[in-house]
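# Overview (structure and organization)
This is what each chain is made of:
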Amino acid sequence: MATTKRERQKAARRDKMERLQRESKRRQTLRRWVIITIVAAMVLGTGAALFAGNSNTTATTTTTSTVATTTTTVAPVTTTTAAPVTTSTIAATVSSFAQIPASDRSPAGKFGAAPSMTVPTSAAPTKLLSSDLIAGKGTVAKAGDTLQVQYVLGTYSSDKVVQSSWTSKPFSFTLGVKQVIDGWDKGVAGMRAGGRRELIIPPSLGYGSVSPGTGIAEYDTLVFIIDLLKVTPAKAG
């Protein structure tokens, strides 16, 4: 019965993830149409102003439009509303953050196989820590790219792994647009496809005061091991 219950819970989480991803795509499509409409209106308005003026007077019209972006996140994430993020916003690489001490680092393992995690017993860090357990050689992950990953999640509060995509299917998300927690948007940037990276994420870049699921406490420190399977670059324009 316990196994059946866990399977139902996993299925429910997967359904929720897929539903939220569909909602996010719908919102992104709607946002694009809003932008297109505004640009078209600006062009028409400027043309009308030019034709309405006489030969001795030149009117200059400057129009500024602001489009707010609402993005709904999926596991392992929280629901967030944020302004659009440009490529320059998330340009971090692993060298931008302090390295995980060797004594707290998980075994490298083998890329493509579920990793073995060591949840540190030392004091929880207050800043993001990162270490490449396996260096990738493929495409570098940048903001706006769509990534496909496998991951395991452990927490300081439980001292064990509490979630793993290896038991279901790879997880896909767009980097740098608030579809995932800040610790992922910052910590995954700069990875290369084929690489495995371990992140230790403080509450300020994780779930904060929220307990989103079993094994994740309020103000919990998170440990992720992430395998970057594929990078699909953002389309220009």
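Note that the structure is a prediction, hence the values are computed from the model and not measured.

### Considering the overall build of the protein chain
From N to C terminus, the protein chain includes two helices and eight strands. When the 237 residues of the protein chain are sorted by exposure, 36% land in the buried category. Counting contacts in the protein chain only where the partners sit at least 6 residues apart, residues at least 24 apart contribute 74% of the total. With the model as given, the accessible surface of the protein chain reaches about 13,400 Å², and the carbon-plus-sulfur share is 56%.

### Remarks on the nonpolar core
Grouped together as the largest cluster of nonpolar side chains are 28 residues, with contacts concentrated most on Leu-147, Phe-173, Trp-184, Val-188, Ile-201 and Phe-224. When contributions to this core are tallied by element, the ones reaching two or more residues are β4 (146-155), β6 (171-174), β7 (196-201) and β8 (222-232). Here this core takes five residues from β8, the largest share from any one element. Counting residues in each nonpolar core, the second largest holds 10 residues, with Ile-100, Leu-133, Ile-200 and Ile-225 among its members.

### A word on the pattern of salt bridges
In total, this model carries four salt bridges according to the counting rule given. A salt bridge links Arg-197 to Asp-132; the nearest nitrogen and oxygen atoms lie 2.7 Å apart. Of this pair, Arg-197 sits in strand β7 while Asp-132 sits in strand β3 (residues 129-134), and the two are 65 residues apart along the sequence. According to the relative accessible area criterion, Arg-197 is buried, its value standing at 1%. You can call Asp-132 partly exposed: its relative accessible area is 35%. The partner of Lys-178 in a salt bridge is Asp-182, with the nearest N and O atoms 2.7 Å apart.

### Let's talk about the pairing of β3
The two faces of the sheet receive side chains in turn, since in a regular strand these alternate between them. β3 sits mainly inside the fold: five of its six residues count as buried. Across five bridges, β3 lies against β7 in antiparallel orientation. Across the sheet, Ile-134 pairs through a bridge with Arg-196, a residue of β7.

### Topic: unusual backbone geometry
One non-glycine residue, Asp-159, adopts positive backbone phi at about 60°. As for its position among the elements, Asp-159 is in the loop between β4 and β5 (160-164). The exposure class assigned to Asp-159 is partly exposed, which follows from its relative accessible area of 46%.

### Remarks on a positive patch on the surface
A surface patch of positive charge is lined by Lys-16, Arg-19, Arg-22 and Arg-26. Mapped onto the secondary structure, Arg-26 falls in helix α1 (residues 2-52).

### What to know about the packing of aromatic side chains
Under the definition given, this model contains seven aromatic pairs. Ring geometry for Tyr-151 versus Trp-184: centroids 5.5 Å apart, planes at 85°, classification edge-to-face. Of this pair, Tyr-151 sits in strand β4 while Trp-184 sits in helix α2 (residues 182-187), and the two are 33 residues apart along the sequence. Among the residues examined, Tyr-151 registers a relative accessible area of 4% and is labelled buried. Pairwise contacts between aromatic rings join Tyr-151, Phe-171, Phe-173, Trp-184 and Phe-224 into one cluster.

Definitions and limits used
- For every chain, the first residue of the written sequence is number 1, and numbering continues from 1 along that sequence.
- Local features in a predicted model are, by the rule used here, given only for residues with pLDDT of at least 70; side-chain atom pairs are given and counted only at 80 or more, and totals for whole chains, interfaces and linings are based on all residues.
- Side-chain metrics rest on all non-hydrogen atoms present in the structure, leaving aside hydrogens and water.
- Helix numbers and strand numbers start at the N terminus; a helix is a DSSP run of H or I with at least 4 residues, a strand a run of E with at least 2.
- The buried label applies to any residue whose accessible area, calculated with a 1.4 Å probe on protein chains only, is under 20% of its type's maximum; exposed applies above 50%, and partly exposed to all values in between.
- We call two residues in contact whenever any of their non-hydrogen atoms come within 4.5 Å of each other.
- To be clear on the numbers: accessible area is Shrake-Rupley with a 1.4 Å probe, and residue cover counts the displayed protein chains and nothing else.
- Throughout this description, the term nonpolar core refers to a set of buried Ala, Val, Leu, Ile, Met, Phe, Trp, Tyr and Cys residues connected via side-chain atoms within 4.5 Å.
- Criterion for a salt bridge: a side-chain nitrogen of Lys or Arg within 4 Å of a carboxyl oxygen of Asp or Glu.
- Here, strands pair whenever DSSP counts at least two bridges between them.
- To count toward a patch, a residue needs a relative accessible area over 30% and no salt bridge; like charges are then connected within 9 Å, while nonpolar side chains (Val, Leu, Ile, Met, Phe, Trp, Tyr) are connected within 5 Å.
- Under this rule, positive means Lys or Arg and negative means Asp or Glu; His and the chain ends count for nothing.
- By convention, the charge on Lys lies at NZ, on Arg at CZ, on Asp at CG and on Glu at CD.
- Put simply, two rings from Phe, Tyr or Trp (the six-membered ring, in Trp's case) pair if the centres are within 6.5 Å, and we call them stacked under 30 degrees between planes, edge-to-face over 60, tilted for the rest.

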